[in-house]
Amino acid sequence: MIKTMSFAERQQDCPQCGAALVIRNGSHGAFLGCSAYPGCDYIRPLKAYADGHIVKVLDGQICPECGATLVLRQGRYGMFVGCGNYPECDHTEMIDRPDETTLTCPQCRKGRLLQRKSRYGKTFHSCERYPECQFTLNYRPVAGVCEYCHYPLLIEKKTAQGVKRCCASKLCGKPVMVSEKHQDE
């Protein structure tokens, strides 16, 4: 026979003062707080797992820094691979590596453009030398030169009339005529 516990039986006591813990709501969501507040300021998150909890142990994969087993973790911005000895070892690896392009950054002319994802899941392109160079694009970059301002990069925009190539310069932004040899790429 399975006995279910009532709320009174599940009620927990504050480890600091011994008063009952109650569910409270704050700007970051619900949490357990001491009923003797403001005299006692004990709080505890209601979430079963904090950010960075282990989803799966990756047997056979070893951390290059400390030699421990790597684990798959769920973090604030999605899944990632990290060392099982965290916080002693803070080695992490990305699951999805950004797509590298062969295009040179038109702003610093030293770095290459990388495809990245924002914390909201939107794809954008930026210079690999961030934060020294803060060049970003919200559209797919394409090799080419603007025929109006001679900016060394074009972007591909999807419009109702189809895909158009435009100048990547925010000051220009004019559509560029695509020659026959560029359409085959």
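Scoring rules and cut-offs
Residues numbered from 1 in each chain as written. Predicted model: local features only at pLDDT ≥ 70, side-chain atom pairs only at ≥ 80, totals over all residues. Heavy atoms only, no water. Core = buried A, V, L, I, M, F, W, Y, C linked by side-chain atoms within 4.5 Å. Buried < 20%, exposed > 50% of the residue type's maximum accessible area, 1.4 Å probe, protein only. Helix = DSSP H or I, 4+ residues; strand = E, 2+ residues; numbered from the N terminus. Contact = heavy atoms within 4.5 Å. Polar contact = N/O pair within 3.5 Å; in protein donor to acceptor, adjacent residues only side chain to side chain. UniProt positions renumbered as here; feature names shortened; annotations may be inferred.

Quick word on the nonpolar core
Core analysis: the biggest nonpolar cluster contains 18 residues, and Cys-105, Phe-135, Tyr-151 and Leu-153 have the highest contact counts within it. Elements supplying a minimum of two residues to this core: strand E13 (153-159) and strand E14 (162-167). With three residues, E13 is the single largest residue contributor to this core. Those residues in contact with Cys-105 that sit more than four places away from it in its chain are Gly-111, Arg-112, Leu-113, Cys-127, Cys-133 and Phe-135. Counting eight residues, the second-largest nonpolar core is a separate cluster that includes Leu-72, Val-81, Cys-83 and Cys-89.

Notes on the side chain of Arg-165
You can see Arg-165 is positioned in strand E14. Since its relative accessible area comes to 12%, Arg-165 is described here as buried. Among the polar contacts listed, one links the side chain of Arg-165 to the side chain of Glu-156, at a separation of 3.5 Å.

Considerations on the UniProt feature "domain: DNA topoisomerase type IA zn finger" (unreviewed entry) in the protein
The sites that carry the UniProt feature "domain: DNA topoisomerase type IA zn finger" (unreviewed entry) are, in the present numbering, residues 11-48, 61-96 and 104-138. Counting secondary structure, residues 104-138 comes out at 0% helix and 40% strand; the distance between its end C-alpha atoms is 16 Å.

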